[in-house]
Amino acid sequence: MIPAAFDYKRAGSAEEAIALIGQHGDEAKFLAGGHSLIPLMKLRLAQPTVLVDIGRVKDLSYVKDAGNHIAIGALTRHMDVEKSPVLKQHVPLLAHAASHVGDAQVRHRGTIGGSIAHADPASDLPATTLALGATYVVQGPNGKREIAAKDFYRGFLESALAPDEMLVEIKVPKMNGAGWSFQKFNRRAQDWAIVGVAAWRNNGTSGVALVNMGSTPVLAAAVSAALSSGASVADAANRAADDAEPQSDLNASVEYRTHLAKVLVRRALEEASK
Amino acid sequence: MKVSITINGTVQSHDVEPRTLLVHYIREHAHLTGTNIGCDTSSCGACTVHLDGEAVKSCTILAAQADGGSVTTIEGLSKNGEMHPMQKAFMENHGLQCGYCTPGMVMAAIGLLNENPKPTDEEVRLGLEGNLCRCTGYHNIVKSVLAAAKK
Ligand SMILES: Cc1cc2nc3c(=O)[nH]c(=O)nc-3n(C[C@H](O)[C@H](O)[C@H](O)COP(=O)(O)OP(=O)(O)OC[C@H]3O[C@@H](n4cnc5c(N)ncnc54)[C@H](O)[C@@H]3O)c2cc1C
């Protein structure tokens, strides 16, 4: 299987990439790791006529300690997120979640920015950065703006990114020793989660987000509200699906997904409470 | 477009369409057919090669993305007619049955040991989760990789 024909442009910088996308309009797409886009193009589910390769914009591949938060360049690959000593120390939940993305070969190519920009509710890093209260820095022809993760996801594979905007950085607050857990339920190795949970807890505050429980990654706000008003882990976990609108597919019915979400949130909160 | 990739130490320059996948570049332009195409949907790992030292699925990378890079395929492993220790370990431990997944499996296994030279059984299984063996010969594959790690 090969993709439909397209023109290939290579960008050396974010500015150049944004200008190229601007010139080519709606039919153009950024190519980062290509590990979501190329499979879609092979199946003809995506047929961009121009690809702007941002994979060589190496100055957007970094993990930096920026005081209260860690700044991650959008082109940082999953493997580098997983192995980063800075993230292991300050945002261990994200480093760990990255180690669950696909398989080693996928993690050598796929990027955190591509994963977030793709806005797949079944992907691990959109939900994880949502649970962590991350902010995404996006750049367009008129400069940069910041979008909170909770305002970013608009629908299935739809985000607040304008077509000529590029995600350039992910800012993730430090976890300051919070307990955390990442639960991924799937049936085959390397697969996407049937349901997943990213969660952290610290002195009465918490963040819980769900993978594959709706058309976007879902912030389980009802769980955090229950916890902060003193509910037990078991009672809070029962609210797991309150904010979700799960759909049924080959792997799971709505009822099964709802059940899984409650079980996995309970497990996650138990692990995060240790 | 013109693409140049160093494959097994030899620079290969070819004029290809931008949509050419790395695996097709390797098989059809460089005429190295040791790298197999299995599922074609990025799942099975049969097409695994090393790009700049790391295991990748060559069916999910454009040749254009690898332009200027360095690729090692299964044909590039032996030195002076001697098989690579991983290849020998697969042979000695019956790590292959039909052999279709083997080139990708061997490349992924070498990549795994480069990153984790002394893996546990569990780490080998996790590290090779991107490679499927439809003969289900996993037990001996893991044995082979653990044997190679001891050498
Ligand atoms: C076999 C396999 C298994 C996988 N398993 C998992 C899994 O278990 N969990 C999981 O979370 N993911 C999984 N993935 C997806 C993988 O994580 C992708 O790498 C990731 O979703 C997309 O990142 P990319 O860099 O490859 O993006 P690309 O495929 O290059 O791009 C994806 C989309 O985002 C756009 N884009 C990319 N970068 C930017 C940017 N900086 N700014 C604006 N737009 C941008 C592109 O135009 C495109 O529309 C799997 C993929 C494969 C092939």
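Fair warning: this is a prediction, and the values are worked out from it, not measured in the lab. Each chain has its residues counted from 1, following the order in which its sequence is written. Both sets of labels track the order of writing: A upward for chains, 1 upward for ligands. In view of the model being predicted, local features appear only for residues whose pLDDT reaches at least 70, and side-chain atom pairs are presented and counted only at 80 or more, with totals across whole chains, interfaces and linings using the full set of residues. As a convention, hydrogens and water are excluded, and side-chain values are obtained from all of the structure's heavy atoms.

Brief notes about the nonpolar core
Here is a general trend for soluble globular proteins: nonpolar side chains tend to be buried in one another's company.
Residue and element names in this part refer to chain A.
Logical step 1: Membership of the largest hydrophobic core comes to 61 residues, with the highest contact counts inside it found for Leu94, Tyr136, Met166 and Ile170.
Logical step 2: Apart from the residues within four sequence positions on either side, Ile170 is in contact with Ile70, Ala71, Ile72, Ala74, Ile112, Gly113, Ile116, Thr129, Ala134, Thr135 and Tyr136.
Logical step 3: Throughout, nonpolar core names a set of buried Ala, Val, Leu, Ile, Met, Phe, Trp, Tyr and Cys residues whose side chains join them through atoms within 4.5 Å. Here's how the labels work: a residue is buried when its accessible area is under 20% of the maximum for its type, exposed when over 50%, partly exposed in between, all with a 1.4 Å probe on protein chains only. Counting 25 residues, the second-largest nonpolar core is a separate cluster that includes Val195, Ala199, Val218 and Leu264. Contact between two residues is taken to exist if any of their heavy atoms lie within 4.5 Å; hydrogens are not considered.

Quick look at the interface of chain B and chain A
Logical step 1: In this assembly, 30 residues from chain B lie in contact with 32 residues from chain A.
Logical step 2: Sorting the residues of chain B by area buried against chain A places Arg19(B), Gln65(B) and Glu129(B) first, and these three jointly supply 27% of that buried surface.
Logical step 3: Here, a salt bridge means any side-chain nitrogen of Lys or Arg that lies within 4 Å of a carboxyl oxygen of Asp or Glu. In this structure, the connection of chain B to chain A is made through six salt bridges.
Logical step 4: For Glu54(B), the salt bridge goes to Arg77(A), with nearest N and O atoms at 2.8 Å.
Logical step 5: What qualifies as a polar contact is a pair of N or O atoms within 3.5 Å, subject to a donor-acceptor requirement within protein and to the restriction that residues adjacent in sequence count only when both atoms come from side chains. If you look at where chain B meets chain A, you find 18 residue pairs in polar contact (both at pLDDT 80 or more).
Logical step 6: Mapped by element, the contributors of at least two residues to the side of chain B that touches chain A are β3 (48-51), β4 (54-57) and α3 (102-115) of chain B.
Logical step 7: Among the elements that make up the side of chain B that touches chain A, the one with the highest residue count is β4(B) (four residues).
Logical step 8: All amino acids are sorted into three groups, where Ala, Val, Leu, Ile, Met, Phe, Trp, Tyr, Cys and Pro are nonpolar, Asp, Glu, Lys and Arg are charged, and the leftover types, Gly among them, are polar. Its residues assigned to classes, the side of chain B that touches chain A comprises twelve nonpolar, ten polar and eight charged. When two parts are brought into contact, each loses some accessible area as probed by a 1.4 Å sphere; the total of that loss over both is the buried area. Here a strand is any run of E in DSSP of at least two residues, a helix any run of H or I of at least four, and the numbering for each starts at the N terminus.

Observations regarding the confidence of the model for chain B
In regions of low pLDDT, the predicted coordinates are not meant to be interpreted in detail.
Logical step 1: A score from 0 to 100, pLDDT tells how confident the predictor is in each residue. The predicted model of chain B averages 97 in pLDDT, with 100% of residues at 70 or higher.
Logical step 2: Taken over the whole predicted complex, pTM reads 0.97, whereas the ipTM for its chain interfaces reads 0.97.

Looking at the sheet that holds strand β2 (residues 28-31) of chain A
Residue and element names in this part refer to chain A.
Logical step 1: Spatially, three strands are ordered β1-β3-β2 in an open sheet, and the strand pairing comes out parallel. One side of each edge strand has no neighbouring strand; the edge strands of this open sheet are β1 (7-10) and β2. Going across the sheet, the axis of each strand differs from the next one's by a mean of 25 degrees, ignoring polarity.
Logical step 2: Pairing between two strands is assigned when DSSP locates at least 2 bridges connecting them. Summarising the sheet, β2 and strand β3 (residues 50-53) pair through four bridges and their orientation is parallel. Looking at the pairing, Phe30 lines up with Val52 of β3.
Logical step 3: A fitted line through C-alpha atoms serves as each axis, taken over the contacting stretch for helices, and the angle formed by two N-to-C directions is quoted from 0 to 180°. This element, helix α1 (residues 14-24), spans β1, β2 and β3 of the sheet and lies at about 155 degrees to β2.

What about the pattern of salt bridges?
Logical step 1: By the definition in use, this model includes 21 salt bridges over all chains.
Logical step 2: A salt bridge links Arg107(A) to Glu129(B); its shortest N-O distance comes to 4.0 Å. Taken together, the positions of Arg107(A) in helix α6 (residues 104-109) and Glu129(B) in the loop between α4 (121-127) and α5 (138-150) put the pair across two chains.
Logical step 3: When salt bridges with common partners are traced through the structure, they connect Arg77(A), Asp80(A) and Glu54(B) into a single cluster.

Considerations on the domain arrangement of chain B
Residue and element names in this part refer to chain B.
Logical step 1: Domain ranges listed in this record stem from an automatic or a database domain assignment. For chain B, the domain assignment lists domain 1 (2-75) and domain 2 (85-150).
Logical step 2: Taking the mean C-alpha position of each, domain 1 and domain 2 sit 21 Å from one another.
Logical step 3: Contacts between domain 1 and domain 2 engage 18 residues on the former and 14 residues on the latter.
Logical step 4: Together, the buried faces of domain 1 and domain 2 total about 1200 Å²; carbon and sulfur atoms form 58% of this surface.
Logical step 5: Our enumeration of links across domain 1 and domain 2 arrives at zero salt bridges.
Logical step 6: Put simply, domain 1 and domain 2 have seven residue pairs in polar contact (both at pLDDT 80 or more) between them.
Logical step 7: Elements represented by at least two residues in the side of domain 1 that touches domain 2 include exactly β3 and β4.
Logical step 8: Split by residue class, the side of domain 1 that touches domain 2 holds six nonpolar, ten polar and two charged.

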